[in-house]
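Inside the fold
The lines below spell out each chain.
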Amino acid sequence: MIQHVVVIGGGYGGLRAVEFLYKYEDVSITLIDKNPYHYLQTEAYGYIAGRFDMHDIAINLSSWCSGFKERVNFIHEEVKDIDFEKQCVCLNKNDINYDYLVIATGAQTNFFSFIDGLKEHSYGIKNLQRAYNFRQKFENIIYKKLLDTKDSHVDEINIVIGGAGLSGVEIAAEMAHVIQVHSKTIGNAAKDIKIYLIDASDTILPGMGRYTILNTQKRLQKLDVKILTNTFINNLDNLFIYFKDGQKLPYSFMVFTGGIKASDLNSSIDYTKNKIEQLIPDSELNIKDKKNVFALGDCVEIRDKNGNILPPTAQIAEKSAEYVAKTIRKRIDKENSFAFNANVSGVFVALGGNYAVGELFKYIKVKGYTAYLLKKAITSAYHFGLRLRINTGFKNRIKN
Ligand SMILES: Cc1cc2nc3c(=O)[nH]c(=O)nc-3n(C[C@H](O)[C@H](O)[C@H](O)COP(=O)(O)OP(=O)(O)OC[C@H]3O[C@@H](n4cnc5c(N)ncnc54)[C@H](O)[C@@H]3O)c2cc1C
């Protein structure tokens with residue numbers, strides 16, 4: 001009997017779940033996303049700084065799904081409600097019944113309400129529209145500097161990144177690299193653009209390995225990024241960022257990467273959640289005591305076998321998706337399943353131009369061009385996989 005699996009969310013986790021479930025011929029799949037595209041957030045740093053284009057960071061989901069020879073149906077709609085008793089996802093026109101459900105709706109920027117003016121005056125990059133606006137702002141600033149014939153530092157522009165985690169650091173480094181390396185072509189006035197990286201924690205990249213932190217710090221200093229750690233933002237207006245210690249910083253624009261919270265769908269689900277609204281699933285990633293409902297990726301709190309919370313990364317979203325697909329197979333076959341057990345294999349931090357720093361399996365530590373090539377190999381392989389599927393879909397459509 002054909003089993004219908006509904007996957008909500010076409011992000012890193014959702015797409016990996018679809019790829020794995022497609023291997024089972026007795027499974028039909030419906031993918032639902034509120035956006036018509038898959039957004040490659042991990043490449044956002046390069047898009048904002050003008051290194052990548054829109055086609056490098058967004059993939060049309062309908063084209064991608066057509067690569068599965070009509071076994072994967074795509075619905076472009078935001079899911080606001082799920083009826084777990086009736087086993088259906090409630091949509092505007094009709095409800096979609098499921099045998100198995102995978103919730104992979106990710107997370108959004110957490111514009112903390114205790115920082116007055118944060119939401120109104122800063123950009124997030126967890127959604128494509130905001131990254132697009134941010135890129136335009138950055139390009140505008142560069143363009144104005146191109147027109148600036150003065151060589152003096154009279155017109156300083158401060159770009160502020162709030163949050164020195166992986167995404168904040170990558171964005172700061174890439175923008176600083178554009179300004180520093182290309183000031184010969186943009187003009188010396190480009191050096192008036194200052195990049196600030198601010199974090200309340202006492203270090204950049206909190207939670208990451210010492211090697212990565214130290215080498216990232218060195219690279220950022222070389223790129224002239226102003227790092228302010230132990231710095232608490234109190235509030236913002238359209239001209240200044242005000243700090244808890246009474247200081248203030250004039251700024252042109254700010255991107256906030258300081259925190260995430262789970263997607264809005266979680267608020268409609270009556271189940272245990274943590275402070276950032278992530279669902280807390282059981283050890284097999286099921287929620288609501290239902291063996292046919294799974295939640296994975298950034299929208300859930302996932303722990304390793306020692307009980308440590310795993311960071312919300314594309315890597316963990318993909319690993320949890322592979323696990324869920326295999327567990328669904330076991331459930332269909334009425335076989336025993338096992339607890340999810342994963343850890344972070346390694347992280348590479350892109351640090352502007354052809355430079356990166358990273359650690360792999362705790363033992364391999366690399367920096368510079370080699371690390372950049374390794375990071376590039378990982379992201380290119382991911383992109384290549386998506387494109388391959390799209391090309392198959394394109395050929396299918398021409399045949400029909
Ligand atoms: C700048 C930046 C750099 C990063 N770098 C790295 C990195 O180097 N390595 C790494 O591993 N991770 C990195 N990450 C983190 C990584 O991008 C996330 O952890 C990952 O996207 C999580 O995958 P996900 O599938 O859980 O959610 P997402 O990829 O966010 O996908 C969620 C999907 O669900 C959809 N959706 C949400 N709500 C609904 C709804 N109600 N109805 C229908 N659809 C819905 C969304 O439109 C989206 O397509 C980075 C993040 C950023 C922002």
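Predicted, not measured: the structure shown is a model, and the values here were computed from it.

Let us look at the overall build of the protein chain. Secondary structure assignment for the protein chain yields eleven helices and 23 strands. At 22 Å, the protein chain has a C-alpha radius of gyration in line with the 21 Å of a compact globule built from 400 residues. Taking the principal axes of its C-alpha atoms as reference, the protein chain extends roughly 75 × 50 × 45 Å. Taking all 400 residues of the protein chain together, the buried fraction comes to 52%. Taking all contacts inside the protein chain whose residues are at least 6 apart in sequence as the whole, residues at least 24 apart take part in 65%.

The subject of this paragraph is the side chain of S122. Note on placement: S122 falls in strand β11 (residues 122–123). On the basis of relative accessible area, S122 is assigned to the buried category, the value being 4%. A polar side-chain atom of S122 sits 2.7 Å from the main-chain carbonyl oxygen of L118. The contacts of S122, once residues within four sequence positions are left out, are F111, R130, M254 and F256.

Next up on the list: the pattern of salt bridges. Enumeration according to the criterion identifies 16 salt bridges in this entry. With a closest N to O distance of 3.6 Å, E174 and R51 form a salt bridge. Of this pair, E174 sits in helix α7 (residues 166–181) while R51 sits in the loop between α2 (44–48) and α3 (54–57), placing them 123 residues apart in sequence. Take E174: its relative accessible area is 2%, and that puts it in the buried class. A salt bridge links E284 to R331; the shortest N-O distance between them is 2.3 Å.

Let us now look at the packing of aromatic side chains. What the rule picks out here adds up to 13 aromatic pairs. With a centroid separation of 4.8 Å and 75° between ring planes, the pair formed by Y22 and F68 is classed as edge-to-face. With a gap of 46 residues between them, Y22 in the loop between α1 (12–21) and β2 (27–33) and F68 in the loop between α4 (61–65) and β5 (72–76) connect regions that are remote in the sequence. Comparing Y22 with F68 shows no difference in burial state: the two are buried. Between the aromatic rings of Y123 and F134, the centroid separation amounts to 6.0 Å while the plane-to-plane angle is 20°, which identifies the pairing as stacked. Separated by eleven residues along the polypeptide, Y123 in strand β11 and F134 in helix α6 (residues 128–147) bring together distant segments of the chain. F134 carries the same exposure label as Y123, and that label is buried. Taken together, F111, F112, F114 and F256 form an aromatic cluster joined through their ring pairs. One cation-aromatic arrangement involves K248 over F240; the distance from NZ or CZ to the ring centre is 4.2 Å. Against the face of F68 rests R389, its NZ or CZ located 4.0 Å from the ring centre.

Next up on the list: the domain arrangement of the protein chain. Under the domain assignment used here, the protein chain contains domain 1 (3–34 + 77–109 + 260–344) and domain 2 (118–256). Look at where the C-alpha atoms of domain 1 and domain 2 centre, and you get two points 35 Å apart. Residue-level contacts link five residues of domain 1 with four residues of domain 2. Both faces considered, domain 1 and domain 2 share a buried interface measuring about 310 Å² in area, 63% of it formed by carbon and sulfur atoms. The interface formed by domain 1 and domain 2 holds one salt bridge in total. The partner of K126 in a salt bridge is D298, and the shortest N-O contact between them spans 3.7 Å. At the boundary of domain 1 and domain 2, one finds zero residue pairs in polar contact (both at pLDDT 80 or more). Residue contributions to the side of domain 1 that touches domain 2 peak at three residues, all from strand β10 (residues 107–109). Looking at side-chain class alone, the side of domain 1 that touches domain 2 contains two nonpolar, two polar and one charged residues.

About the criteria used
- Residues numbered from 1 in each chain as written.
- Predicted model: local features only at pLDDT ≥ 70, side-chain atom pairs only at ≥ 80, totals over all residues.
- Heavy atoms only, no water.
- Helix = DSSP H or I, 4+ residues; strand = E, 2+ residues; numbered from the N terminus.
- Rg over C-alpha atoms; globule rule 2.2 N^0.38 Å.
- Buried < 20%, exposed > 50% of the residue type's maximum accessible area, 1.4 Å probe, protein only.
- Contact = heavy atoms within 4.5 Å.
- Polar contact = N/O pair within 3.5 Å; in protein donor to acceptor, adjacent residues only side chain to side chain.
- Salt bridge = Lys/Arg side-chain N within 4 Å of Asp/Glu carboxyl O.
- Phe/Tyr/Trp six-rings, centres within 6.5 Å; stacked < 30°, edge-to-face > 60°.
- Lys NZ or Arg CZ within 6 Å of the ring centre and 35° of its normal.
- Domains from an automatic or database assignment.
- Buried area = accessible area lost by both parts, 1.4 Å probe.
- Nonpolar A, V, L, I, M, F, W, Y, C, P; charged D, E, K, R; others polar.

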